[in-house]
Number of protein chains: 2
Amino acid sequence: MGTRVTLKDVAAAVGVSPATVSLVLNGKPVRISDERRAQIQKVASSMRYRPNQAARALVTRRSNMVGLVVPDIENMFFSSLFKALEDVAIRDGYSVIVANSDDSRERERSLICGVSARGVDGLFLVPALQSCAQEAALRRDVEECPCPVVFVDRLVDSGYCDGVGVDNKEGGRLAAEVLIDSLAAGARDAGKGRVGCVCVERTDGISDLRFRGFADALAKAGVPLDAECIVKGDYRYSSGYEAADRLLDAGVGAVFCENDLMAMGLRRRVEERGLHVPEDMSIVGYDDVLPRFGLLNDLTTISQNVDALAAECWSVVRERFAKPKAPARTSRIQPHLVTRSTVFGV
Amino acid sequence: MGTRVTLKDVAAAVGVSPATVSLVLNGKPVRISDERRAQIQKVASSMRYRPNQAARALVTRRSNMVGLVVPDIENMFFSSLFKALEDVAIRDGYSVIVANSDDSRERERSLICGVSARGVDGLFLVPALQSCAQEAALRRDVEECPCPVVFVDRLVDSGYCDGVGVDNKEGGRLAAEVLIDSLAAGARDAGKGRVGCVCVERTDGISDLRFRGFADALAKAGVPLDAECIVKGDYRYSSGYEAADRLLDAGVGAVFCENDLMAMGLRRRVEERGLHVPEDMSIVGYDDVLPRFGLLNDLTTISQNVDALAAECWSVVRERFAKPKAPARTSRIQPHLVTRSTVFGV
DNA sequence: ATGAAAGCGCTAACAG
DNA sequence: CTGTTAGCGCTTTCAT
């Protein structure tokens, strides 16, 4: 195990004061003779000096760490979000501390405290499901948090806090649009002409928007969306799988699933019944996160563009660092349609 | 944004010295009058005092943070590993800093430095692929690292460093065993009687062991494993998918895939050709990590037991904290067979 | 151009 | 039983 070499060690080795070394190593525009500069650099690197970040954080009040609290890192979307965020953060020399709230208010609360006590400069928070239903409690925690907080993805009422999300309503609209086009592209056999969806009932301020965007666009185009064609899901593969029979039996031939996992489950069951996608059923998913995990994905889907989301998160927090008192800002990434092979005729 | 209240603030509010407050709040067994104790506790909590961890780390030389460097957090296995590790670490009050090496030696190197400069108490490292081929360079970094390192999963030559992994050879053996049983369970039609595998060629010290365990067990049982029944894969869905035709055409009816993703891809292609699993082909996967992501999995597979792996990681590092000079120790978790529905007759 | 000194927030001796 | 003192490793005035 290596030993810890301090600034003082370097100073002693060179025969100057710690202050001088600090100045040089931090590239401060103080006029120190070039020879000294070079010498200090050389000695420091040959001694493998690494500044102690804790000490530095103590005095500068900046840790170059940010926190990320997600409901569950085993949700592919959040996993990707983390990776994308780390990619952009690391370029500015930041590390990311991640923690899982398990969608629990209590755990989230303790995480906010715990992570901020670590001195992070900013905290990205995907609010727990339980918090979405207890906005007042969440707000209290956020306001007490000694560092800026940015809501991510789940945009709860956030006049008091920065937020970055995706335009879910637009995503729903895009899904409706392509399904409508598909309907127009070719006449369906009898008993396959209806439109349906697998949607999630949650207070996360996401599923309802996707549904609203979808339903509104359908209505505007005069395409009916009947109650028996709306099946509840829970974002998991199995719920898509289980939705298939009801949809098929209702004569649905075009389905919007609120995420890709459910779309895959749906597709599997459809094919198990000896039917084909998209000939017998068109399917649109949501997320487009599967390919990032090495899962082959030929699903036509609405992409959330996780990289753009992460980039925007970073840009928002940097602006907040620069102007701590600026008014809170919420921004939304635009989703887009990725056309692959599961929608008939497009 | 909340304000930062320090120990001194609390001390001033109570009218005692900072030291006293520190003693009380850390539950030190110093005999301080109970009334003072209670009063200090009360004031501290009402002022919402949170100790500054950076300052504490500076003096105690313990940060209560550990690092985890993985090749890619978008690999489901590592994603699960992180979650499992966080679960166990948080119970001891530890936070985890995660970073992706992208399997690059260079990036890993800079991560080891960067993370350890943050003062982590320990570092869990899944060596980058590139490092597995440059053990000397890796070793140098590890030995220079000012905190204990634990190799995880990819157990490179590690006489000098603790390690925790899975017994991959045993996993391969288990896969062979169940496939052999399956063969015995029912006679196969002609042209489906051979055994094959989709395996990965890598220097990660994992794929080769799985293969070796598999091949050795087959040999011992007198079951042939012919060259044309061994197809190369890359751990991704698509490579399993693409392996299917060659395997089928070679008359293979029982396949071991070195991970679940490839097994799923293989299965998909087999079914696309109108065949059935397990009637026409038995498939054994490896990992059993898919269900954790909400992916329905009815694959018969070799489970790595990520939770046990993480628990063992934690136990190893704790022991290292306790005895910094103890000899390095490598331990291996035993994998086990999870019987589901993709092996014929078992 | 460089060094001395103060102090970030906390803990750990040591006095009292 | 409690307060004072002295740093942890670093940055940052302010003198020199």
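Starting from 1, residues in each chain are numbered consecutively following that chain's sequence as written. All chains are assigned letters beginning with A, and all ligands numbers beginning with 1, in the order in which they are written. For a predicted model such as this one, the threshold for reporting local features is a pLDDT of at least 70, and the threshold for listing and counting side-chain atom pairs is 80 or more; totals across whole chains, interfaces and linings nevertheless cover every residue. Water and hydrogen atoms were dropped before computing side-chain values, which therefore reflect all heavy atoms in the structure.

**Q** Looking at this structure, how should I read the sheet that holds strand β9 (residues 282–287) of chain B?
**A** Each strand in a sheet pairs with another by means of backbone hydrogen bonds, the pair being arranged parallel or else antiparallel. Residues and elements named next belong to chain B. In this analysis, strands are considered paired if DSSP registers two or more bridges between them. What counts as a helix is a DSSP run of H or I of at least four residues, what counts as a strand is a run of E of at least two, and both are numbered from the N terminus. Reading across from one edge, β7-β6-β8-β9-β10-β12 is the order of the 6 strands in this open sheet, with mixed pairing throughout. Looking at strand neighbours, the two that pair on one side only are β7 (230–233) and β12 (336–338), the edges of this open sheet. The sheet shows a mean angle of 20° between the axes of neighbouring strands, direction not considered. The sheet contact formed by strand β10 (residues 300–303) and β12 spans 3 bridges and is antiparallel. If you follow T301 over to β12, its bridge partner there is V338. Angular values range over 0 to 180 degrees, each being the angle between N-to-C directions of two axes fitted as lines to C-alpha atoms, with helices fitted over their stretch in contact.

**Q** How should I be thinking about the relation of the copies chain A and chain B in this particular structure?
**A** The two chain copies are connected by a rotation around an axis plus a translation along it. Least-squares fitting of chain A to chain B yields an RMSD of 0.1 Å, with the transformation described by 0.0 Å of translation along the axis and a rotation of 180°. Taken together, the rotation angle and the small translation identify this as a two-fold axis. We superpose the copies by least squares over the C-alpha atoms of residues that have a pLDDT of at least 70 in both of them.

**Q** Teacher, can you tell me more about the environment of E177 of chain A here?
**A** In this structure, E177 of chain A sits in helix α9 (residues 168–185). On the accessibility criterion, E177 of chain A (37% relative accessible area) is partly exposed. Burial classes: relative accessible area under 20% of the type maximum marks a residue as buried, over 50% as exposed, and values in between as partly exposed (1.4 Å probe, protein chains only).

**Q** Is there a simple way to think about the packing of helix α2 (residues 18–25) of chain B against helix α3 (residues 34–46) of chain B in this case?
**A** Helix-helix packing is characterised by the crossing angle of the two axes and by the distance between the axes. Residues and elements named next belong to chain B. α3 packs onto α2 with a crossing angle of 90° between their chain directions and a minimal axis gap of 10 Å. One finds that α2 runs roughly perpendicular with respect to α3. Two secondary-structure elements touch here, α2 through T20, V21, V24 and L25 and α3 through R37, I40, Q41 and A44. For the contact of α2 with α3, the class distribution of residues is 5 nonpolar, 2 polar and 1 charged. Roughly parallel covers angles under 35 degrees, roughly antiparallel covers those over 145, roughly perpendicular covers 65 to 115, and oblique covers all other angles. It only takes one pair of heavy atoms within 4.5 Å for two residues to be counted as in contact. Side-chain classes are defined by residue name, with Ala, Val, Leu, Ile, Met, Phe, Trp, Tyr, Cys and Pro counting as nonpolar, Asp, Glu, Lys and Arg as charged, and the others, Gly among them, as polar.

**Q** Can you help me understand the environment of L225 of chain A in this one?
**A** Within the element layout of this structure, L225 of chain A appears in the loop between α10 (207–220) and β7 (230–233). Placed 30 residues apart in sequence, L225 of chain A and V195 of chain A show a C-alpha to C-alpha distance of 6.1 Å.

**Q** Any chance you could explain the domain arrangement of chain A here in plain terms?
**A** A common way to report how large an interface is uses the accessible area buried once the components associate. Here the domain parsing of chain A yields domain 1 (5–50), domain 2 (62–165 + 305–333) and domain 3 (167–302). Here the bounds of each domain stem from an automatic or database domain assignment. Each of domain 1 of chain A and domain 2 of chain A has a C-alpha centre, and the two are 37 Å apart.

**Q** Could you clarify how one ought to interpret the interface of chain A and chain B in this entry?
**A** Taken together, the contact pairs 63 residues of chain A with 63 residues of chain B. Overall, the association of chain A and chain B removes approximately 5,400 Å² of surface from exposure, summing both partners, and the carbon and sulfur fraction of that is 54%. We define a salt bridge as a side-chain nitrogen of Lys or Arg found within 4 Å of a carboxyl oxygen belonging to Asp or Glu. The interface formed by chain A and chain B includes 13 salt bridges. With a shortest N-O distance of 2.7 Å, R268 of chain A and E271 of chain B are connected by a salt bridge. Any N or O atom pair separated by 3.5 Å or less is treated as a polar contact, with the protein-specific requirement of one donor-capable and one acceptor-capable atom, and with residues adjacent in sequence counted only for side-chain atom pairs. Linking chain A with chain B are 31 residue pairs in polar contact (both at pLDDT 80 or more). Considering each element in turn, the side of chain A that touches chain B owes the most residues, 8 residues, to helix α5 (residues 76–91) of chain A. Tallied by class, residues from the side of chain A that touches chain B come to 29 nonpolar, 15 polar and 19 charged. When two parts are put together, the accessible area they lose, computed with a 1.4 Å probe and summed over both, is reported as buried area.

**Q** Can you walk me through empty space enclosed by the protein in this structure?
**A** Any space left empty among the atoms is revealed by the rolling of a water-sized probe across them. Cavity and pocket criteria rest on a 1 Å grid covering protein atoms alone: a 1.4 Å probe that fits but cannot get out defines a cavity, protein on both sides within 12 Å along at least 5 of 7 lines defines an open pocket, and an atom within 4 Å of a point defines a lining residue. Grid points are joined across faces, edges and corners, and a volume is the space filled by probe spheres set on the points. Counting across every chain of the model gives 1 cavity of 30 Å³ or more. Put simply, the largest cavity is a space of about 150 Å³. Taken together, 13 residues make up the lining of the largest cavity; nearest its centre are A54, M65 and R118 of chain A together with A54 and M65 of chain B. Secondary structure elements with two or more residues in the lining of the largest cavity: α4 (53–60) of chain A together with α4 (53–60) of chain B. Grouping the amino acids of the lining of the largest cavity by side-chain chemistry returns 6 nonpolar, 5 polar and 2 charged.

**Q** Would you mind showing me how to read the protein's contact with DNA strand D here?
**A** Neighbouring residues of DNA strand D: 26 residues in total, closest L7 and Y49 of chain A together with T20, S33 and R61 of chain B. The near set for a molecule or strand comprises every residue that places at least one heavy atom within 4 Å of it. Protein-proximal atoms of DNA strand D, defined as those within 4 Å of the protein, fall in sugar or phosphate at a share of 76%. In the environment of DNA strand D, a phosphate oxygen lies 2.9 Å from a nitrogen or oxygen atom belonging to the side chain of S22 of chain A. Contact between DNA strand D and K28 of chain A: a phosphate oxygen at 2.8 Å from a side-chain N or O atom of the residue. Broken down by element, the surface near DNA strand D gets its largest block of residues, 4 residues, from α4 of chain A. Residue composition of the surface near DNA strand D, grouped by class: 13 nonpolar, 8 polar and 5 charged.

**Q** Explanation requested: the layout of surface pockets in the structure shown.
**A** The computed volume of the second largest pocket comes to approximately 1,300 Å³. Forming the walls of the second largest pocket are 48 residues, and the residues nearest its centre are A117 of chain A together with R4, R50, P51 and N52 of chain B. At the level of elements, α4, α6 (105–117), α8 (135–144) and α13 (306–322) of chain A together with α2 and α4 of chain B are the ones that each hand at least two residues to the lining of the second largest pocket. Looking at the lining of the second largest pocket residue by residue, the class counts come to 23 nonpolar, 11 polar and 14 charged.

**Q** Explain the UniProt feature "domain: HTH lacI-type" (unreviewed entry) in chain A here, please?
**A** UniProt positions are given in the numbering used here, feature names are shortened, and annotations may be inferred rather than shown by experiment. Under the UniProt annotation, the feature "domain: HTH lacI-type" (unreviewed entry) is placed at residues 5–60 of chain A. Secondary structure across residues 5–60 of chain A comprises 66% helix and 0% strand; the distance between its end C-alpha atoms is 20 Å.

**Q** Looking at this model, I keep getting lost on the environment of D216 of chain B. Mind explaining?
**A** Within the element layout of this structure, D216 of chain B appears in helix α10 (residues 207–220). For the pair D216 of chain B and G172 of chain B, spaced 44 residues apart in sequence, the C-alpha separation works out to 8.8 Å.

**Q** What am I meant to see in the sheet that holds strand β10 (residues 300–303) of chain A here?
**A** All names here are of chain A. In spatial order, the strands read β7-β6-β8-β9-β10-β12; together these 6 strands make up an open sheet with mixed pairing. Among the strands making up the open sheet, the edge pair consists of β7 and β12 (336–338). Adjacent strand axes in the sheet meet at a mean angle of 20°, parallel and antiparallel pairs treated alike. Sheet topology places strand β6 (residues 194–200) next to β7; 4 bridges connect them, and they run parallel. Each residue of the ladder has a partner; that of C197, found in β7, is I230. Sitting on the sheet, α9 is in contact with β6, β8 (252–257), β9 (282–287), β10 and β12, with an inclination near 165° to β9.

**Q** Explain the pairing of β10 of chain A to me, please; I cannot follow it from the model alone.
**A** Successive residues of a regular strand alternate their side chains across the two faces of the sheet. All names here are of chain A. Covered by surrounding structure in β10 are T300 and I302 together with T301 and S303, the residues of both alternating faces. Relative to β10, β9 is paired through 4 bridges, and the arrangement is parallel. By the bridge assignment, Y286 is partnered in β10 with I302.

**Q** It is not clear to me how the packing of aromatic side chains should be interpreted in this structure. Could you clarify?
**A** The description of two aromatic rings rests on the distance between their centres and on the angle between their planes. Ring pairs shown here join Phe, Tyr and Trp side chains whose ring centres sit within 6.5 Å, with only the six-membered ring taken for Trp; geometry is labelled stacked below 30 degrees between planes, edge-to-face above 60, and tilted in between. Scanning the entire structure with this criterion turns up 15 aromatic pairs over all chains. Between F256 of chain A and Y286 of chain A the ring centres are 6.2 Å apart and the planes differ by 50°, which places this aromatic pair in the tilted class. Note that F256 of chain A is positioned in strand β8 and Y286 of chain A in strand β9, a separation of 30 residues in sequence. Aromatic side chains F214 of chain B and F256 of chain B sit 4.8 Å apart centroid to centroid with 40° between the ring planes, which places their arrangement in the tilted category. One end of the pair, F214 of chain B, is in helix α10; the other, F256 of chain B, is in strand β8 (residues 252–257), and 42 residues separate them in sequence. Neither residue differs from the other here; F214 of chain B and F256 of chain B are each classed as buried. A cation over an aromatic ring shows up here: R210 of chain A above the ring of Y286 of chain A, its NZ or CZ 3.8 Å from the ring centre. Definition used: whenever NZ (Lys) or CZ (Arg) falls within 6 Å of the ring centre and also within 35 degrees of the ring normal, the charge is taken to sit over that ring.

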